[in-house]
Amino acid sequence: MNILDANIGSAKDNMSSPVHNWYKFTAGFSYKFVDIILEDYKDKDIVVYEPFAGCGTTLVECQKLGFRSIGNESQELMCNVIHAKLNWTITKQQYTRAKNNIKKYVEENKRIAEITAKFHPLLVTLYDEPSLRELYCIRDGIKRLRNKDVQQFFNLALSQTLHKAAIHPIAVPYISRSTFLSDSGRAWEKFQRISEQMYSNIQQMPHHEQLATVYNWDSRVKNEDVADDSCGLCITSPPYLNNLDYGEVSKVHSHFFEMTNDWNDITEKVRRKLVTGATTHYRDTEFVMEEFTQKEFAQHNSDTMGKLVELYGRIKENAKQRKGKKSFHILMMHYFEDMYYVLKEMRRVLRYGGEAYLVLGDSAPYGIYVPTTQILGDIALSAGFTEFSIHKIRSRGDKWKNLKNRHNISLSENILILK
């Protein structure tokens, strides 16, 4: 099995692949990674498990290839994206009728003065008023559709339109206000074009059977709907230990679709359900090392904890020297504890002899190298796996090495294989 392609850890390939390219996601990995792994399972009746379903790369590719799969995704927004990407049963009649109904609603309501009262303050800074009027009318027109599957299909087309109509890039991974997009605006025109392309993609699919199940669920917690030993394979890419706040990344969409309204909502409704991957996910004052060392994770990983405590001290000291304000030392401890519970759940779901493939990246907070992949391999052994191996995909972080205050430590992106 040749999985050591430098592009495997990037979602670049997905941008030219039908259905995979229906949503622009900040992080991700190539659908070809899934293809390569499943090549060895052609004639086997297995179910694939994906604890971080994200924008659905594993689930969509499994469905394309005729494999059943199960995924957890803790963000409601992303769960809706996945549902839409997996539903290939929308008929021409359903599509045409819904699009015409949305168009009629937009034409009747986009000039009404009261509509501006619905505009979220953040979105006012990212779109011109004619586009905002159309975007909100499209959204409200979709709400009036009776078929939930059709609603999700058009909401996903609208999600793409949010990117295409914006004045500034809205996910790179954060809003880039210093960059102006040359082709902003014209929301309705772009929405029509995107939805037509999506419907055309559905017609190209090898079958229209839905083989994947996705749950709006936090993989740190046991999902009672997924039985013990029910899956033969896991393909995933957990959040990296790199301080990327997925709650903030998705805020334009979650505010627009009324899932969140402010920072408190983002914390309570999004961040609390995510593996701790950013310093915005917790309060520094709530972390007490003496209490942390008494937790299940620490007690079951005594050797690893010794290494983590040493790294904790070095990162904290370097932060002082660099006058850094981010508590990366605390972030690291929460991250590995959370991943311990994810790995325990993964082991529960996988049957005896099953394998897990994880795309992961190492990190160096405040210039202290953290061998994330190795540490997670060690933690996996405490969670019930019997062995692991690490395969380097590529070096990473080199393009930032000339930035002021940036460390010059060479990092890698890897495949962690658990058995």
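Scroll up to find the structure this text is about.
Report follows, based on the coordinates. In this numbering scheme, every chain counts its residues from 1 along its sequence in written order. Note on the predicted model: pLDDT of at least 70 is required for a residue's local features to be given, and 80 or more for side-chain atom pairs to be given and counted; whole-chain, interface and lining totals, by contrast, use all residues. For side-chain calculations, the full set of non-hydrogen atoms in the structure is used, while hydrogens and water are omitted.

1. Remarks on the overall build of the chain
Now for step 1: Helix and strand assignments follow DSSP, with helices taken as H or I runs no shorter than four residues and strands as E runs no shorter than two, numbered in order from the N terminus. Helix and strand counts for the chain come out as 16 helices and seven strands.
Now for step 2: Within the chain, the proportion of its 419 residues that are buried is 56%.
Now for step 3: Taking as baseline every contact in the chain between residues at least 6 positions apart, the subset at least 24 positions apart corresponds to 74%.
Now for step 4: The Shrake-Rupley method, run with a 1.4 Å probe sphere, supplies the accessible areas, and residue values consider only the shown protein chains as cover. Counting only carbon and sulfur atoms, one obtains 47% of the accessible surface of the chain, whose full area is about 19100 Å².
Now for step 5: Put simply, the chain has 56 plus and 51 minus side-chain charges, and the middle of one group is 6 Å from the middle of the other. Remark: exposure states derive from per-residue accessible area (1.4 Å probe, protein chains only) relative to the maximum for the residue type, with buried under 20%, exposed over 50%, and partly exposed in between. Throughout, a contact is declared for two residues whenever any of their heavy atoms are within 4.5 Å. Under the convention used here, Asp and Glu are negative, Lys and Arg are positive, and both His and the chain ends fall outside the count. Charge coordinates come from a single atom per side chain, which is NZ of Lys, CZ of Arg, CG of Asp or CD of Glu.

2. What about the sheet that holds strand 2 (residues 68–72)?
Now for step 1: When DSSP finds two or more bridges between two strands, those strands count as paired. A sheet is described by the order of its strands in space; here seven strands give the open sequence 3-2-1-4-5-7-6, paired in mixed fashion. The outermost strands of the open sheet, each flanked by one partner alone, are strand 3 (212–215) and strand 6 (388–396). Taking the axes of each pair of neighbouring strands and ignoring which way they run, one obtains an average angle of 15 degrees across the sheet.
Now for step 2: Simply put, an axis is a line fit to the C-alpha atoms, just over the touching stretch for a helix, and the angle between two N-to-C directions goes from 0 to 180 degrees. Contacting strand 1 (47–50), strand 4 (231–236), strand 5 (350–361) and strand 7 (411–418), helix 1 (residues 31–38) crosses the sheet at an angle of about 150 degrees to strand 4.

3. Comments concerning the pairing of strand 5
Now for step 1: For strand 5, the buried fraction is high: nine of the 12 residues fall into the buried class.
Now for step 2: Bridge analysis of strand 4 against strand 5 gives five bridges, and the strand direction is parallel. Looking across to strand 5, one finds that Cys231 is bridged to Leu350.
Now for step 3: As judged from the six bridges shared by strand 5 and strand 7, these two strands associate in the antiparallel manner. From the neighbouring strand, Tyr357 faces strand 7, where its bridge partner is Ile417.

4. As for the environment of Ile375
Now for step 1: Within the secondary structure, Ile375 sits in helix 16 (residues 372–382).
Now for step 2: Given a relative accessible area of 5%, Ile375 falls into the buried group.
Now for step 3: With sequence-adjacent residues up to four places away left out, Ile375 is seen in contact with Thr304, Leu308, Leu311, Phe336 and Val370.

5. Focus on the nonpolar core
Now for step 1: Put simply, a nonpolar core is a bunch of buried Ala, Val, Leu, Ile, Met, Phe, Trp, Tyr and Cys residues held in one set by side-chain atoms that sit within 4.5 Å of each other. Counting 59 residues, the largest nonpolar core has Ile102, Tyr127, Phe153, Phe154 and Phe191 as the members making the most contacts within it.
Now for step 2: In terms of residues, this core owes the most to one element, helix 7 (residues 148–165), which gives eight residues.
Now for step 3: Residue contacts for Phe153: discarding those within four places in its chain leaves Trp22, Ala84, Ile90, Tyr95, Ser195, Met198, Tyr199 and Ile202.
Now for step 4: Of all hydrophobic cores here, the second largest spans 49 residues; its members include Val275, Met339, Leu360 and Val370.

6. What to know about unusual backbone geometry
Now for step 1: With a phi close to 75 degrees, Val19 is a non-glycine residue in the positive phi region.
Now for step 2: Checked against the element boundaries, Val19 lands in the segment before helix 1.
Now for step 3: Phi at Asp229 is positive, roughly 55 degrees, even though this residue is not glycine.
Now for step 4: Locating Asp229 in the fold gives a position in the loop between strand 3 and strand 4.

7. Describing the environment of Tyr282
Now for step 1: Mapping Tyr282 onto the fold places it in the loop between helix 11 (263–270) and helix 12 (289–292).
Now for step 2: The sequence separation of Tyr282 and Glu268 amounts to 14 residues, and the corresponding C-alpha distance is 11 Å.
Now for step 3: If we ignore the near neighbours within four places in the chain, the residues touching Tyr282 are Thr276, Ser327, Ile330, Leu331 and His334.
Now for step 4: A distance of 2.8 Å separates the side chain of Tyr282 from the side chain of Ser327, its partner in a polar contact.
Now for step 5: Within the structure, Tyr282 has its side chain in polar contact with the backbone nitrogen of Leu331 (distance 3.1 Å). Polar contacts, as used here, are pairs of N or O atoms within 3.5 Å; protein pairs need one atom able to donate a hydrogen and one able to accept it. Residues neighboring in sequence count only if both atoms are side-chain atoms.

8. With respect to helix 3 (residues 76–86)
Now for step 1: In terms of burial, helix 3 is a largely internal element, eight of the 11 residues being buried.
Now for step 2: Every buried residue of helix 3 is listed here: Leu77, Met78, Cys79, Val81, Ile82, Ala84, Lys85 and Leu86.
Now for step 3: Looking at the buried positions of helix 3, the neighbouring elements they touch are helix 2 (57–65), helix 7, strand 3 and helix 10 (251–256).

9. Here's the deal with the packing of aromatic side chains
Now for step 1: Only Phe, Tyr and Trp rings are paired, with Trp represented by its six-membered ring, and only when their centres lie within 6.5 Å; those with planes under 30 degrees apart are stacked, over 60 edge-to-face, the remainder tilted. The full count for this structure, using the stated rule, is 20 aromatic pairs.
Now for step 2: Judged by centre distance (6.0 Å) and plane angle (40 degrees), the rings of Phe154 and Phe191 are tilted. Linking Phe154 in helix 7 with Phe191 in helix 8 (residues 187–204), this pair joins segments that are 37 residues apart in sequence. By the burial criterion, Phe154 is buried, and Phe191 matches it.
Now for step 3: Taken together, Trp22, Tyr95, Phe153, Phe154, Trp188, Phe191 and Tyr199 form an aromatic cluster joined through their ring pairs.

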